[in-house]
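Spelled out, the chains give:
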Amino acid sequence: MYAQALDQKDRSPVTAEDPVRLERFEARCAVEDKIEPKDWMPEAYRRTLIRQISQHAHSEIIGMQPEGNWVTRAPSLRRKAILLSKIQDEAGHGLYLYSAAETLGVSREELSEQLLSGKAKYSSIFNYPTLTWADMGAVGWLVDGAAIMNQIPLCRCSYGPYARAMIRICKEESFHQRQGFEIMHTLAKGTAAQKAMAQDALNRWWWPCLMMFGPPDQASQHSDTSMRWKIKRFSNDELRQKFIDAMVPQAQFLGLDIPDPELRFNEESGHWQTGAIDWSEFRRVLAGDGPCNRQRMRVRRQAEDEGVWVRDAARAFAAKRAARLQAAAIAAE
């Protein structure tokens, strides 16, 4: 999901690394030694992590929008409370991840500016609309299910701050996925209209979720290096196949149909095989021409503008507090 950032071209100038230090670094990665912020690391490793972690953080923040669309329209107080809790979790995930990125020498302000200017990306999945309450189920079940599939290996990422942040995030994402599955289960076992709503949501979200893992391996840039450095543990296609194999039996349990007439179980490989993914749609949405790209960024920029006074007040309070502490320290001398 967040490995989409790894497939973007890095236009930064190539830095010649000390071959001895690089060899030692790769040896540490090979034996699963964690790389910490003050350790030496190749510039390409640092830039790759900044791209991936920042896209992950941006995705958590932008991902609050499609769910926030249903807070006031949740069908019960219980559903509203659960959805609010989930959105709050995602804000926290963004905070953890921006903090992890800052350990690599980039400021949160820089990262936010890159997103607002369009230089940085977020996951393409959040550029699709949530049209019905069933979409809250599909987002939790499928989107968060795909996120978990991608994020659990990140708990073993070679970069320590990122790996540690992912442990808590994965625990909370598992709650999000169960919440989504419960919504889909309730609708699928409800009235004919409710089941049709669940099926419609599955029809609209299935293919975009398969695209979440990034382009096929033969078209994926930097993947080999990222796997050698233990930033990634599995290729895009491997993760996508794991997701498909997990989701198809769950859809069958729900009594819903995967919207793929070519879906077949391969007895020899033991895997479910799907039809061809429309990668032209993926490229179009990633380039900014999805159903909700402009809306998502307009709302994010509006939130940035409307939050100026809050940030100014926080800075003023911090400055006054620091001045009081400094005055008290001088008086005590």
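Residues numbered from 1 in each chain as written. Predicted model: local features only at pLDDT ≥ 70, side-chain atom pairs only at ≥ 80, totals over all residues. Heavy atoms only, no water.

Engineer: Please clarify how the side chain of Asp245 should be interpreted in this entry.
Structural biologist: Position of Asp245 among the secondary structure elements: in helix H10 (residues 236–254). For the buried Asp245, which has no salt bridge, the nearest side chain bearing the opposite charge is Lys242, at an N-O separation of 8.1 Å. Among the polar contacts listed, one links the side chain of Asp245 to the backbone nitrogen of Trp272, at a separation of 3.0 Å. The contact partners of Asp245, leaving out residues within four places of it in the chain, are His271 and Trp272. (Helix = DSSP H or I, 4+ residues; strand = E, 2+ residues; numbered from the N terminus. Buried < 20%, exposed > 50% of the residue type's maximum accessible area, 1.4 Å probe, protein only. Lys, Arg positive; Asp, Glu negative; His and termini not counted. Salt bridge = Lys/Arg side-chain N within 4 Å of Asp/Glu carboxyl O. Polar contact = N/O pair within 3.5 Å; in protein donor to acceptor, adjacent residues only side chain to side chain. Contact = heavy atoms within 4.5 Å.)

Engineer: Please explain the packing of helix H2 (residues 43–62) against helix H7 (residues 160–188) as it appears in this structure.
Structural biologist: When two helices pack together, their arrangement is given by the angle between the helix axes and the distance between those axes. Here H2 crosses H7 at 25°, and the two axes come no closer than 13 Å. Here H2 lies roughly parallel to H7, going by the angle between them. Between H2 and H7 the crossing geometry is left-handed. Every residue of H7 that contacts H2 at Leu49, Gln52, Ile53, His56 and Glu60 is listed here: Tyr162, Met166, Ile169 and Glu173. Among the residues forming the contact of H2 with H7, the class breakdown is 5 nonpolar, 2 polar and 2 charged. (Axes fitted to C-alpha atoms, helices over the stretch in contact; angles between N-to-C directions. Parallel < 35°, antiparallel > 145°, perpendicular 65-115°, else oblique. Left-handed = near helix turned anticlockwise from the far one by under 90°. Nonpolar A, V, L, I, M, F, W, Y, C, P; charged D, E, K, R; others polar.)

Engineer: Even after reading the chapter, I still don't get unusual backbone geometry, so can you show me in this structure?
Structural biologist: Glycine aside, negative phi is the norm for most residues, and most peptide bonds take the trans geometry. At Glu32, a residue that is not glycine, the phi angle is positive and equals roughly 65°. Within the secondary structure, Glu32 sits in the loop between helix H1 (19–30) and H2. Look at Glu32 and you get partly exposed, because its relative accessible area is 42%. Unusually for a residue other than glycine, Lys230 sits at a positive phi of about 65°. With respect to the helices, strands and loops of the structure, Lys230 is situated in the loop between helix H9 (223–228) and H10. On the accessibility criterion, Lys230 (16% relative accessible area) is buried.

Engineer: Please explain the side chain of Gln179 as it appears in this structure.
Structural biologist: Here Gln179 is to be found in helix H7. Looking at Gln179, the relative accessible area reads 6%, which means it is buried. Setting aside residues up to four positions removed in sequence, Gln179 forms contacts with Ile82, Lys86 and Gly140.

Engineer: How should helix H12 (residues 293–306) be read in this particular structure?
Structural biologist: Given 3.6 residues to a turn, an α-helix orients residues that are three or four positions apart in the same direction. The terminal C-alpha atoms of H12, which comprises 14 residues, lie 20 Å apart, in line with the 20 Å expected from a rise of 1.5 Å per residue. Every buried residue belonging to H12 is among Asn293, Arg296, Met297 and Arg300, and all of these are buried. On an axial view of H12, the arc spanned by its buried residues comes to 90°, and they lie on one face. Those residues of H12 that are exposed and angled more than 90 degrees off the buried face are Arg294, Arg298, Asp305 and Glu306. In this structure, the buried side of H12 is in contact with H2, helix H3 (64–68), helix H5 (108–117) and helix H11 (279–289). (Expected span 1.5 Å × (residues − 1). Arc of directions from axis to C-beta.)

Engineer: Please explain the confidence of the model for the chain as it appears in this structure.
Structural biologist: Interpreting fine coordinate detail is not advised for predicted regions of low pLDDT. For the chain, the average pLDDT comes to 93, and 95% of its residues sit at 70 or higher. For the chain, the element scoring lowest by mean pLDDT is H9, at 85; helix H8 (residues 192–211) scores highest, at 98. (pLDDT = per-residue confidence, 0-100.)

Engineer: What am I meant to see in the environment of Leu22 here?
Structural biologist: By secondary structure assignment, the location of Leu22 is in helix H1. The spatial distance from the C-alpha of Leu22 to the C-alpha of Tyr98 is 27 Å, given a sequence separation of 76 residues. Residue contacts for Leu22: discarding those within four places in its chain leaves Trp40 and Pro42.

Engineer: Is there a simple way to explain the nonpolar core in this structure?
Structural biologist: Ranked by internal contacts, the top residues of the largest apolar core, which has 51 residues, are Trp141, Leu142, Val143, Trp205, Trp206 and Phe243. Within the residue set of this core, elements represented by two or more residues are helix H4 (77–102), helix H6 (133–151), H7, H8, H10 and H11. Sequence-distant contacts of Trp141, that is, excluding residues within four places in its chain, are made with Gln177, Gly180, Phe181, Met184, Leu202, Met247, Gln250, Ala251 and Leu254. Counting 27 residues, the second largest nonpolar core, distinct from the first, contains Leu49, Ala100, Val106 and Cys157. (Core = buried A, V, L, I, M, F, W, Y, C linked by side-chain atoms within 4.5 Å.)

Engineer: Please explain H8 as it appears in this structure.
Structural biologist: For H8, which comprises 20 residues, the first-to-last C-alpha distance of 30 Å matches the rise-based estimate of 28 Å (1.5 Å per residue) to within 8%. In the structure, H8 departs most strongly from a straight axis at Trp205, where the bend amounts to approximately 35° and where the proline Pro208 lies between one and four residues downstream. Within H8, burial applies to Ala198, Gln199, Ala201, Leu202, Trp205, Trp206, Trp207, Pro208, Cys209, Leu210 and Met211. On the buried face of H8, the contacting elements are H6, H7, H10 and H11. (Bend = angle between axes of the 7 residues up to and from the residue.)

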